Amino acid sequence: MKNNTIYLEVTREKNSLKIGIRKKPDFSLEPSIDPYEIKEVSMKTIGRVEKYCVETVDFLNKEEKKGRDHSGISKRLKQMGDMLCDELLTSNIKEKLTNTDAEYLILRIDDRMVHIPWELIRLDHEFLCQRFNMGRLVKTRQKITESDHQSMSVPLNMWILANPSRDLPSADLEADRILQVTDAVNLQDGTMVNASLDSSDIMLDGIKSKIKNSDFVHFAGHADYSPHNSVQSGWKLADSTFTAHDIDKMAGSSKMPVLVFSNACQSARTEEWHPENDSFGMANAFLRAGVKYYIGSFWEIMDTPSSLFACEFYTHFFSGKTIGESVRQARLMLIEEYGHAFIGWTSYLLYGDPRFRCCDRRKTENEDKKQVKLESTVQDVIRTRSSSDTTTSHRLLSSQSNPKWISVFLLIAVLASAVILGYTYMTKDFELKNAKFKIMTTDKEKQRNDKLIDSINKTFSTSHKTPSDNLNPARSLTIAIVHDPFQPKAGIVSSEIKNEIKDKYPNIKFVERQELNTLLEEANLALALPSEDKLQLNILHSKLILKLKVDKSDIEVQLLDTENMENIFHAVGKLERDKKMPRNILENLLKTLESRS
């Protein structure tokens, strides 16, 4: 059996680390004896390591808030990884990690070492989490709750809590995209995932109820981390916070989810766990309450890359890959999209065995092999039928004397037709659902903006102001450009289109859809707060929506009228060199705008 998993075990005892590494075949029995090494580490050295890690995380948080991803940040992260490698690993363990062919690395650490970012140890110019499918298993002195997860069965119940604080529009987009992923999975395998979504209207009791009745929980929003009072760390809601203390009170009352993915800033950051009654952050609280797998982040994460990471993770996870491999594939995708200098891919960590799968796809894989074999058989028959007339006549004469062969041939033909018809139906059905999703998403954006504008209008009217004095309708043509934040190339094309239109039609004004959402959210918040200052709004309604979709070298452009959502322009094509929009599409778009400008 292949040695696919390697274990790195670390225990802290006074002034030393007991550290061992071993490799064993998956699902084999535990060995009777395990070797380990003792690395003498003084308290001064441990203190220096801990201090440097905290300083580095604080530095990364500060720089990520500024939206920077330059080489200086990456250099600081690499320095920390090199330091951790030299201070925590022996030369023997370094050699074994370097030379192993294992795919999975399981960290078995005690509760006094959880605050160290082991995943970011840098060995041979590569972080451990970059090379291995990693997961943490923690030995703790804390009281924990055992939760029964064996009853989990298809369809899996997934609950998504998105943007409950009402100030993160990108979280709404993330939730919609995850629902699109689950829809695609259900189209392929039947109803495998029952996904539901909640946002700003949910209260604390509702959160607790949803968590307890879900197999998987995904949170997309803001989170608070308090190093000095970590039990108050938690998910930010509209008017309160769902804290680690709230999770502690849930423990033991009923079953907990198998997986919690907390896609929020510092949602996995923690201090050393002490044997006390309260938890140390969200990760510790969920794990103590009985959650088996927890995904979170070390530091601040940027909105679009974090959403992209989550969608990529679920795409792999629901396709049957292990949870550890799904996390690693999502990391590699961010590297491919944003480059090594971008550090967002290093922020995530996984608590739990990385070899866990949400479903067993072995049966599906066997069925796929059978289908391939069937299609191969049909192709052989077709090739045989198209051979020479002499061979064909011979086959027909043989078939007349062998009725059994005719039955087999007809059966194969029927099965082949069923496969083709089934594939055609699924493809068309997926296209229809995908088109419906796009229309619903666009309409949802429009309804959301209209609702926010209506709220602002009502506020002004109650304060004896006329809305038109503050909320100016567009005196000229206004266009809202909408593109998927998960498609970086679309942003480049969007800028090109804006520049071209501005040059030819200076009177046309542009509204970025995401920026408009944020502005309206802030305006509503400002109106709700007591202030002596007069709020002055100068925003534009969009009369047209320009939708862009860029997939590799393919581009699709749509122009919609916001009054009736009529599609007044639609074109598809291939990007030119340097990711430029096809000239013929751009010129036709300009001609369409000419009659309306």
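The structure presented is a predicted model; accordingly, all values stated were derived computationally and were not measured.

Definitions and cut-offs
- Residues numbered from 1 in each chain as written.
- Predicted model: local features only at pLDDT ≥ 70, side-chain atom pairs only at ≥ 80, totals over all residues.
- Heavy atoms only, no water.
- Helix = DSSP H or I, 4+ residues; strand = E, 2+ residues; numbered from the N terminus.
- Buried < 20%, exposed > 50% of the residue type's maximum accessible area, 1.4 Å probe, protein only.
- Contact = heavy atoms within 4.5 Å.
- Areas by Shrake-Rupley, 256 points an atom, 1.4 Å probe, with all protein chains shown as cover.
- Pairing = 2+ DSSP bridges.
- Right-handed = clockwise from strand over helix to strand, strands pointing away.
- Axes fitted to C-alpha atoms, helices over the stretch in contact; angles between N-to-C directions.
- Salt bridge = Lys/Arg side-chain N within 4 Å of Asp/Glu carboxyl O.
- Polar contact = N/O pair within 3.5 Å; in protein donor to acceptor, adjacent residues only side chain to side chain.
- Parallel < 35°, antiparallel > 145°, perpendicular 65-115°, else oblique.
- Left-handed = near helix turned anticlockwise from the far one by under 90°.
- Nonpolar A, V, L, I, M, F, W, Y, C, P; charged D, E, K, R; others polar.
- Core = buried A, V, L, I, M, F, W, Y, C linked by side-chain atoms within 4.5 Å.
- Phe/Tyr/Trp six-rings, centres within 6.5 Å; stacked < 30°, edge-to-face > 60°.
- Lys NZ or Arg CZ within 6 Å of the ring centre and 35° of its normal.

S.K.: I'm lost on the overall build of the chain in this one. Help?
M.R.: Counting secondary structure elements, the chain contains 17 helices and 21 strands. A total of 597 residues make up the chain; the buried ones form 48% of that total. Restricting to contacts in the chain with at least 6 residues of sequence separation, those with at least 24 account for 75%. Of the roughly 30,200 Å² that the chain leaves accessible, carbon and sulfur atoms contribute 51%.

S.K.: Can you help me understand the pairing of strand 16 (residues 348-351) in this one?
M.R.: Where a strand is regular, its side chains alternate between the two sheet faces. Here strand 16 shows a buried face lined by Tyr348 and Leu350 and a second buried face lined by Leu349 and Tyr351. Of the pairings in the sheet, the one linking strand 15 (residues 293-297) to strand 16 comprises four bridges and is antiparallel in character. From the neighbouring strand, Ile295 faces strand 16, where its bridge partner is Leu350.

S.K.: Explain the pairing of strand 14 (residues 259-263) to me, please; I cannot follow it from the model alone.
M.R.: The element strand 14 is largely enclosed, with a buried count of five among its five residues. Residues Leu259, Phe261 and Asn263 point to one face of strand 14 and Val260 and Ser262 to the other, with burial holding for every one of them. Examined bridge by bridge, strand 10 (residues 216-220) and strand 14 share five bridges and lie parallel to one another. Bridge assignment links Phe219 to a residue of strand 14, and that residue is Ser262. As paired strands, strand 14 and strand 15 are joined by three bridges and run parallel to one another. The residue of strand 15 that forms the bridge with Leu259 is Tyr293. In this region the chain leaves strand 14, passes through helix 8 (residues 282-289) and returns to the parallel neighbour strand 15; the handedness of that crossover is right-handed.

S.K.: How should the sheet that holds strand 11 (residues 223-224) be read in this particular structure?
M.R.: Within a sheet, each strand pairs with its neighbour through backbone hydrogen bonds, oriented either parallel or antiparallel. The strand order 11-12-13 describes an open sheet built from three strands, whose pairing is antiparallel. At either margin of the open sheet sits one strand with a lone partner, and together these are strand 11 and strand 13 (241-243). Direction of pairing for strand 11 relative to strand 12 (residues 234-236): antiparallel, over a ladder of two bridges. Each bridged residue has a counterpart across the sheet, and for Asp224 the counterpart in strand 12 is Gly234. Sheet strands in contact with helix 6 (residues 204-212) are strand 12 and strand 13, and its direction is about 45° off that of strand 13.

S.K.: Sorry if this is basic, but what is going on with unusual backbone geometry here?
M.R.: Trans is the prevailing form of peptide bonds, just as negative phi is the prevailing case for residues other than glycine. The phi angle at Asp124 is positive, at roughly 60°, despite the residue not being glycine. Turning to its location among the elements, Asp124 is positioned in the loop between strand 5 (122-123) and strand 6 (126-127). Of note in this structure, Asn163 is not a glycine but carries a positive phi near 50°.

S.K.: Explain the pattern of salt bridges to me, please; I cannot follow it from the model alone.
M.R.: Working definition: two side chains of opposite charge can pair if their charged atoms are close together. This model, assessed by the stated rule, comprises 17 salt bridges. In this structure, Arg136 and Glu119 form a salt bridge, with 2.7 Å as the shortest nitrogen-oxygen distance. With Arg136 in strand 7 (residues 133-139) and Glu119 in the loop between strand 4 (104-110) and strand 5, this residue pair connects regions lying 17 residues apart in the sequence. Judged by its relative accessible area of 2%, Glu119 is buried. Each of the salt bridges in this network shares a partner with another, and the network as a whole consists of Glu9, Arg22 and Arg108.

S.K.: It is not clear to me how the environment of Thr56 should be interpreted in this structure. Could you clarify?
M.R.: Within the secondary structure, Thr56 sits in helix 1 (residues 43-65). Residue Thr56 is classed as buried on the basis of its relative accessible area of 0%. As for Thr56 and Trp299, which are separated by 243 residues in sequence, their C-alpha atoms are 10.0 Å apart. Not counting the four nearest positions on each side in its chain, Thr56 is found in contact with Arg76 and Met80. At 2.8 Å, the side chain of Thr56 and the backbone oxygen of Tyr52 are in polar contact.

S.K.: Any chance you could explain the side chain of Asn284 here in plain terms?
M.R.: Tracing the backbone through its elements, the reader meets Asn284 in helix 8. Polar contacts involving the side chain of Asn284 include one to the side chain of Gln142, which spans 2.9 Å. Among all residues touching Asn284, those that are not within four sequence positions of it are Gln142, Trp273 and Ser279.

S.K.: Would you mind going over helix 8 with me for this structure?
M.R.: In an α-helix there are 3.6 residues to a turn, and that puts residues three or four apart on one side. Counted residue by residue, helix 8 has eight buried out of eight residues, so it is predominantly covered. Those residues of helix 8 lying buried are Met282, Ala283, Asn284, Ala285, Phe286, Leu287, Arg288 and Ala289. Two residues or fewer past helix 8, Gly290 is found with a positive phi of approximately 125°.

S.K.: Would you take a moment to explain the packing of helix 9 (residues 303-317) against helix 10 (residues 323-338) for this structure?
M.R.: Packed helices, taken two at a time, are described by the angle between their axes plus the distance between the axes. Between helix 9 and helix 10, the shortest axis-to-axis distance is 8 Å and the interhelical angle comes to 140°. With respect to helix 10, the element helix 9 is oriented oblique. Helix-helix and strand crossings are classified by hand; for helix 9 and helix 10 the assignment is right-handed. The segment helix 9 lies against helix 10, with Thr304, Pro305, Leu308, Phe309, Glu312, Phe313, His316 and Phe317 engaging Ile323, Ser326, Val327, Gln329, Ala330, Arg331, Met333, Leu334, Glu337 and Tyr338. Here the contact of helix 9 with helix 10 is built from residues that sort into eleven nonpolar, four polar and three charged.

S.K.: What's the story with the packing of helix 5 (residues 169-189) against helix 9 in this structure? I'm lost.
M.R.: Direction vectors running N to C along helix 5 and helix 9 enclose 15°, while the axes themselves pass 10 Å from each other. Here helix 5 lies roughly parallel to helix 9, going by the angle between them. Here helix 5 runs over helix 9; the crossing is right-handed. Residues Ser170, Glu174, Arg177, Ile178 and Val181 of helix 5 touch helix 9, and the partners they reach there are Asp303, Ser306, Ser307, Ala310, Cys311, Tyr314 and Thr315. Its residues assigned to classes, the contact of helix 5 with helix 9 comprises five nonpolar, four polar and three charged.

S.K.: Explanation requested: the nonpolar core in the structure shown.
M.R.: Inside soluble globular proteins, nonpolar side chains tend to come together where they are buried. Ranked by internal contacts, the top residues of the largest apolar core, which has 111 residues, are Leu97, Ile211, Trp235, Phe242, Phe286, Phe313 and Phe318. Residues in contact with Phe286, not counting those within four places in the same chain, are Ile211, Trp235, Phe242, Ile247, Met256, Val260, Val291 and Tyr294. If you look at the next biggest cluster of nonpolar residues, it comprises 26 residues, including Ile497, Leu544, Ile585 and Leu586.

S.K.: Please explain the packing of aromatic side chains as it appears in this structure.
M.R.: Two descriptors summarise a pair of aromatic rings, namely the distance from one centre to the other and the angle between the planes of the rings. Enumeration according to the criterion identifies 20 aromatic pairs in this entry. Ring centres 6.0 Å apart and planes at 40° place the aromatic pair Phe261 and Tyr314 in the tilted group. With Phe261 in strand 14 and Tyr314 in helix 9, this pair connects stretches of sequence that are 53 residues apart. Comparing Phe261 with Tyr314, the two get one shared label, buried. Here the aromatic residues Phe216, Phe261, Tyr293, Phe309, Phe313, Tyr314, Phe317, Phe318, Tyr348 and Phe356 are joined through ring pairs into a cluster of three or more. It is Arg22 that lies over the ring of Tyr7; its NZ or CZ is 4.8 Å from the centre. Positioned above the aromatic ring of Phe59 is the side chain of Arg76, whose terminal nitrogen or guanidinium carbon lies 5.0 Å from the ring centre.

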